[in-house]
Amino acid sequence: MSRSDARQSVAEQEKSGRVREAQVSGEGSALRSFFYLLPGVLRTLRNGPSTVSFPFGPLELPKSFRGRVEIDADKCRGCSLCVRDCPAFALELRRESRDVFQLIYYPDRCAYCGQCELSCNFGAIRLSNDFTEGTSDPSSLTTVLVSRNGKENEEPSSS
Amino acid sequence: MRRITIPIGPQHPLLKEPVSFLLDVEGEQVLDSVLRLGYVHRGIERLAQERSYVQIVHLVERVCGICSHVHTTTYCKAVESLMGLEVPERGVYLRALLCELERIHSHMLWLGVLAMNMGFDTVFMYAWRDREIVLDMMEDLSGGRVSHAVNVIGGVRIDLDEEQRKDMLARLAQLEQQVLRAKNVVEHERSLRARTEGIGILTPEQAKQYCVVGPVARASGLDMDLRRDMPHLPYSELDFEVITHDAGDVWARTLVRVLETVESVHLCRQILENLPDGPVSVRAKRRAPEGEAITRTEAPRGEVIYYVRGDGSESPARLKIRTPTLTTLITLPEQLRNVAVADVSVVLSGVDLCIACADR
Amino acid sequence: MTARKDSAIDPPHYESGAIKEQIVPALQTAFPDDILDVQTMPVDETVTVVRVEGVRQIIRHLVEELDVLHLSTITGQEIEEGIELLYHFWRGSGLTLRVVLPLDALEVATVTDIIPGAAFYEREIVEMLGVTFAGHQDPLRLFLPDDWDGPPPLRKERS
Amino acid sequence: MAFGDVGAALVAWFLYPGFLFLFACAWAFEWFDRLTIARSQARVGPPWFQPLADLIKLLAKEDLMPTGTKEVLAAGLPMLALASSLTAVLYVPIAGRAALSFEGDLIVVLFLLSLPALCYFLAGRVTGGVYSLLGGNRSLLQYFSYEVPFMIALSGPAILGGSWSIAQIAQHQDATGWGLLVQPLGFLLAIIGLIGKLKRDPLDIPKAKSEMVAGSLTEYSGRKLALWHLAMNVQAVVGVFLLVNAFMGGQSFHQPLLNGVGFALRSLLIVFALSGSSVLYARLRIDQLANLGWRVLAPLGLLQILVILGIGR
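The rules behind each value
- Residues numbered from 1 in each chain as written.
- Chains lettered and ligands numbered in written order.
- Predicted model: local features only at pLDDT ≥ 70, side-chain atom pairs only at ≥ 80, totals over all residues.
- Heavy atoms only, no water.
- Helix = DSSP H or I, 4+ residues; strand = E, 2+ residues; numbered from the N terminus.
- Rg over C-alpha atoms; globule rule 2.2 N^0.38 Å.
- Buried < 20%, exposed > 50% of the residue type's maximum accessible area, 1.4 Å probe, protein only.
- Contact = heavy atoms within 4.5 Å.
- Areas by Shrake-Rupley, 256 points an atom, 1.4 Å probe, with all protein chains shown as cover.
- Lys, Arg positive; Asp, Glu negative; His and termini not counted.
- Charge placed at Lys NZ, Arg CZ, Asp CG, Glu CD.
- Patch = residues over 30% accessible without salt bridge, like charges linked within 9 Å, V, L, I, M, F, W, Y side chains within 5 Å.
- Salt bridge = Lys/Arg side-chain N within 4 Å of Asp/Glu carboxyl O.
- Buried area = accessible area lost by both parts, 1.4 Å probe.
- Polar contact = N/O pair within 3.5 Å; in protein donor to acceptor, adjacent residues only side chain to side chain.
- Nonpolar A, V, L, I, M, F, W, Y, C, P; charged D, E, K, R; others polar.
- Pairing = 2+ DSSP bridges.
- Axes fitted to C-alpha atoms, helices over the stretch in contact; angles between N-to-C directions.
- Expected span 1.5 Å × (residues − 1).

In this section: the overall build of chain B. Broken down by element type, chain B carries 14 helices and nine strands. Here the C-alpha atoms of chain B give a radius of gyration of 20 Å, agreeing with the 21 Å that 2.2 N^0.38 yields for 360 residues. The burial tally for chain B puts 72% of its 360 residues in the buried class. Nonlocal contacts in chain B, meaning residues at least 24 apart in sequence, comprise 71% of its contacts between residues at least 6 apart. Summed over all atoms, the accessible surface of chain B reaches about 9700 Å², with 53% contributed by carbon and sulfur. Mean positive and mean negative side-chain charge positions of chain B (43 and 51 charges, respectively) differ by 4 Å.

Dropping the structure here:
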């Protein structure tokens, strides 16, 4: 149905108020209604279970899946746009001076909403596909994403 | 007969969210019921006063676990009208696409819950198996099965390339086949009809007095649906019908919701076929000017209304949310009056309660 | 199932012009002194500012004569002059009644007997903003826990 | 009783048709039932050892009771239910051979199979929670709706077989072929009655989880709940064996192995009928069941009896 004839049929129906009374379509036979689900059950038995066997089997995720936050430390300018926009307050920037700062990420608070990826103008921070992080001690998850201490050549450690 | 009080909730196998009904029962008949809300009240309107517009998009998405996209859509429309932004047509179409997909997912989830509370585990399993098709479509589109984080102020952050579009149209055909099968089961299955017909009756007059919205109102004869009554893109250009029924019992609501799911599948197909090209969002400033805005959308359970008042700063002065479940909760004492105790579970799941929505 | 078309029991919900062209002028003629001002608000909403004393009569008139039955909700918020209540109605398009209650006299007449659907909205405003609705039968707690004795949460801290 | 008889009785009681054999059958019954239901609902279903794992887990769990419940009664009821099913199995021929048999043992078995329903009702009374009370009342209400059609359905084969002993009834069907073919209606009523007696899915009104949480067993936990599950499963197995003998005759192939396999297959057929019916229908309301029982099932049973009397002469 192309857009023009959709618009045309909408105009036509405008008079009738585009409303339809819900009716049962086609009166199934009385006897069949006793065993109505039987064909469905037989079809399901033939098709077999439709459950995913994770964690015993693999689970394929779409590439757009929003998992834990990752960062490309070189691109990070420490501008804290992501920190300001994070709805769950899961990012924190500790800054001593212009180029001595640390960006800390608290995965236990993170809501995996992807706002940091949207807000970052330099494309430094992004969400990976990793979601299997489970621990009884949430504070152990806290990671320092970027640690810059002024010396340009020093390799920033992102543990 | 002795009158006893049966507590349903806050924790009960029947309820998937904490809410408390105290039923006053004599023999098998429910005489009266007292409702207690607030178990999942998170004070979202209070929290919104301490967050910026951008952060509230994700806060508002957590109002309801099932219809999160509708809340962000309504909120973003309110803020966009406050800021005077014009969302490009492609963005509006993609928003509506996800709204309809979410309606299908919400109705199929509800059909499963109703069947489970009726003791019909097979229909519960089939409904939730077929719902996986919609969830996979939404996950491929937005990265999240239920919480999509697709809406940003000024449009949407995702886009659909040609190959994804073809794949979604194919899956939609597969989904339509399953939805039609579910429709036939609901229409002809004898035991399902026996358990839902004639109980939980809400007369059209009561529906009008309690200002009921959504499928519950449509099943009681009120011909109202914001997608048609409030002409806005893209629904003004899409061909669909509002389904009503006038019996007003759980069976009428079941039929209305199932036929609405079929309508939503057709709507999704039309949106995918007529997707205009162009940008999907416009850049939004961080501050909103002084002023107020009210927006309404047709959520799976009915009319959602948002009121936003900006005071020129980065965060709104007031955000008011009214979700549709609140209107059906008021009518429950009416529906539960002199219903058999065994039917309480069917009546409660017939109105598709979303307590997280109601409590906010 | 009776044919629904002839028993048009519900007001037609889709004449979008109804509010601006018929309802608001009818209100202004019926209550010239109670209606203080008519404004518009984004996304097609008509706002009429109303005196506190006139609220109940206007709503009764709206419901019984003008067939505007659907009260979407009542918004309550604190502004400089006091507590402002917004009654949001709907018939084809939005109509909002705006009432400002001075801080020293936070009381307005209830409308639950005219519109039973307003009960929960009024109870919410009672517990969130401390407004009292004269004549409301059971202004019990709706959302806040029973042992909450703090100030109404949505009031601004006026230190 | 000579020493030999005592030994044979002990074996009969503990090993062959008694405890060990029945527990194994109950285990297989529950696993097969849950697997069939799962596979027809597009699920994988439990591994073969799941029923035993559930039992052991329950035995290890804490056994709490509401304060003020009479511990002895609460523990005694599941034992009584289990004991009645275990005694009933002695009169039901398994693979053509019954441990004990006398004229009229069909009536005794029918009574022993109804005892768990009474225990279930008393359990609701003893534990005393709101849900337990309601579940208990419901089980009595339901008892009268399915018990009469069940008894009428089973008296059919007795009349046809000309005796009230199950062994005789089974023997008689060697000559006339399966009772199922002669009285299909009676078989259908017996299946429906058995579903009601075992409180299985379409008729699990007393333990409807969405209304009564778990009916009379809401307050039970730990060892007592394990005992209840065992009692219910054993009752199911005995019910299935009873139906196999009453409606599917006892062709004896004169080799114990072939007899056994034949009997097992026929029991599986009935279990498959039970699981299938629990997949196809929603739970009925108690008043719907009462209407169904008295207005439809009982008259059909009488009709079936008239037909048999016609054939018998």
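Once that is clear, we can look at a nonpolar patch on the surface. Side chains of D:Val6, D:Leu10, D:Val11, D:Phe14, D:Leu15, D:Tyr16 and D:Leu20 sit close together on the surface and give an oily, nonpolar patch of about 610 Å² of accessible area. The element best represented in the nonpolar patch is helix α1 (residues 3-15) of chain D, accounting for five residues.

A few words now on the interface of chain A and chain B. In this complex, chain A contributes 44 residues to the contact, which on the side of chain B involves 55 residues. For the pair chain A and chain B, the summed buried area comes to about 4300 Å², and 48% of that belongs to carbon and sulfur atoms. Viewed at the interface, chain B and chain A are joined by three salt bridges. In this structure, the connection of chain A to chain B is made through 17 residue pairs in polar contact (both at pLDDT 80 or more). The set of elements that each furnish at least two residues to the side of chain A that touches chain B consists of α1 (3-14), β1 (19-21), α2 (38-47), α3 (81-85) and α4 (115-119) of chain A. No other element matches α1(A), which puts six residues into the side of chain A that touches chain B. Residue composition of the side of chain A that touches chain B, by class: 20 nonpolar, 14 polar and ten charged.

A few words now on the pattern of salt bridges. Overall, the coordinates contain 64 salt bridges over all chains when judged by the stated rule. With a closest N to O distance of 2.9 Å, B:Glu132 and B:Arg145 form a salt bridge. Of this pair, B:Glu132 sits in helix α5 (residues 121-142) while B:Arg145 sits in the loop between α5 and β4 (151-152); the two residues are 13 residues apart in sequence, bridging distant segments of the chain. Exposure remark for B:Glu132: the relative accessible area of 28% places this residue in the partly exposed category. In this structure, B:Arg269 engages B:Glu176 in a salt bridge whose closest nitrogen and oxygen atoms are separated by 2.8 Å. Highlighted residues: B:Arg269 in helix α11 (residues 250-273) and B:Glu176 in helix α6 (residues 162-188), separated in sequence by 93 residues. Linked through salt bridges whose partners overlap, the residues forming this network are B:Glu28, B:Arg195, B:Asp343, D:Arg138, D:Asp204, D:Glu211, D:Arg283, D:Arg285 and D:Asp287.

Turning to the pairing of strand β9 (residues 318-322) of chain B, a few remarks are in order. Residues and elements named next belong to chain B. Within β9, five of the five residues are buried, leaving the element largely enclosed by the surrounding structure. Because side chains alternate across β9, one face comprises the buried residues Arg318, Lys320 and Arg322, and the other comprises Leu319 and Ile321, equally buried. Two elements, strand β8 (residues 302-311) and β9, share five bridges in a ladder whose sense is antiparallel. Bridge pairing in β9 links Arg309 to Arg318. The antiparallel pairing of β8 with β9 creates a hairpin that spans six residues between the two strands, and Gly312 there sits at a positive phi of about 85 degrees.

Strand pairing in a sheet is mediated by backbone hydrogen bonds. Such pairs are either parallel or antiparallel. All names here are of chain C. Taken in spatial order, the five strands of this open sheet run β1-β2-β5-β4-β3, and their pairing is mixed. Edge strands, defined here as strands with exactly one partner in the open sheet, are β1 (35-41) and β3 (70-79). Ignoring which end each strand starts from, the neighbouring axes of this sheet average 20 degrees apart. One ladder, built from ten bridges, connects strand β4 (residues 82-91) with strand β5 (residues 93-102); its direction is antiparallel. Along β5, the bridge assignment pairs Glu84 with Val100. The strands touched by helix α1 (residues 18-30) are β1, β2 (45-50), β4 and β5; relative to β5, the strand with the most contacts, the crossing angle is about 35 degrees. Helix α3 (residues 119-129) contacts β3 and β4 of the sheet and is inclined by roughly 10 degrees relative to β3.

Okay, the sheet that holds strand β2 (residues 20-26) of chain B next. Residue and element names in this part refer to chain B. Strand order in the open sheet formed by three strands is β1-β2-β3, and the pairing between neighbours is antiparallel. Across the chains shown, the open sheet's two edge strands, defined by having one partner strand only, are β1 (3-8) and β3 (29-36). The mean inter-strand angle of the sheet, taken between neighbouring strand axes irrespective of direction, is 20 degrees. As paired strands, β1 and β2 are joined by six bridges and run antiparallel to one another. Bridge assignment links Ile8 to a residue of β2, and that residue is Phe21.

Right, let's talk about helix α5 (residues 105-127) of chain D for a bit. Residues and elements named next belong to chain D. When the terminal C-alpha atoms of α5 are compared, their 34 Å separation across 23 residues agrees well with the 33 Å that a helix rising 1.5 Å per residue should span. By the criterion of burial, α5 is predominantly enclosed, with 17 of the 23 residues buried. Immediately beyond the C-terminal end of α5, within one or two residues, lies Gly128, with a positive phi of roughly 80 degrees.

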